[in-house]
Amino acid sequence: MAMVVLTGCHHLPPSKPLSELTPTEMRGYAIYQSQCASCHYANTEQPLHGPGLQGMFKKPYLPSGAPANDDRVLSAIVHGRNMMPAFGNVLDERQLQDLMAYLHTL
Ligand code: HEC
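Residues numbered from 1 in each chain as written. Predicted model: local features only at pLDDT ≥ 70, side-chain atom pairs only at ≥ 80, totals over all residues. Heavy atoms only, no water.

On to the coordination of the iron atom of the ligand, then. Protein ligation of the iron atom of the ligand involves His40 (NE2) and Met84 (SD), the donor distances falling in the range 1.9 to 2.2 Å. What the six donor atoms of the iron atom of the ligand show is an angle range of 81 to 179 degrees at the metal, which sorts the shape as octahedral. In this pair, His40 sits in the loop between helix 2 (23-35) and helix 3 (70-79) while Met84 sits in the loop between helix 3 and helix 4 (93-103), placing the two residues 44 residues apart along the sequence. By relative accessible area, which is 24% here, Met84 ends up partly exposed. (Donors = N, O, S within 2.8 Å, 3.2 Å for Na, K, Ca; no water. Tetrahedral: all angles 85-135°; square planar, octahedral: opposite > 155°, others 65-115°. Helix = DSSP H or I, 4+ residues; strand = E, 2+ residues; numbered from the N terminus. Buried < 20%, exposed > 50% of the residue type's maximum accessible area, 1.4 Å probe, protein only.)

On to the packing of aromatic side chains. Considering all chains together, one arrives at two aromatic pairs under this definition. Plain terms: the ring middles of Tyr29 and Tyr102 are 5.5 Å apart, the flat faces sit at 65 degrees to each other, and that makes the pair edge-to-face. Of the two residues, Tyr29 sits in helix 2 while Tyr102 sits in helix 4, which places them 73 residues apart along the sequence. There is no split in this pair, since Tyr29 and Tyr102 are both buried. (Phe/Tyr/Trp six-rings, centres within 6.5 Å; stacked < 30°, edge-to-face > 60°.)

Everything listed here is a matter of geometry and, on its own, says nothing about what the molecule does.
In structure tokens form, the structure reads like this:
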């Protein structure tokens, strides 16, 4: 049974409900809403201006093909990627950590 669930790539486990977010995750959610939501859906893999981010850490690879780990995701956020702007001068270290905590709930 576990095998069936793990191999079905479009049956990702559901995101953590907003009502269950920790204070850190909730701060990250607020940052996401103000900085990321205009280009990325959080509740589907469907693209908006950039790829949908639902389940991004539950899959082995990011849309670019890079491994879905903290290093690669932080690098995309801090440095930007093609049409995605860089946030290295917008978000401080604490805000980046809060945002990452939220992204892990998707
Ligand atoms: C102006 C639109 C825009 C905004 C704002 C934006 N992104 Fe993106 N994002 C994109 C686009 C376009 C891509 C696809 C880049 C590519 O690989 O060509 C992308 C790609 C990504 C990826 C995938 C990287 C990969 O390696 O595949 C992640 C993760 C991501 N964005 C997270 C975020 C987060 C978190 C924020 C908020 C801090 C954000 N984005 C804000 C447009 C945006």
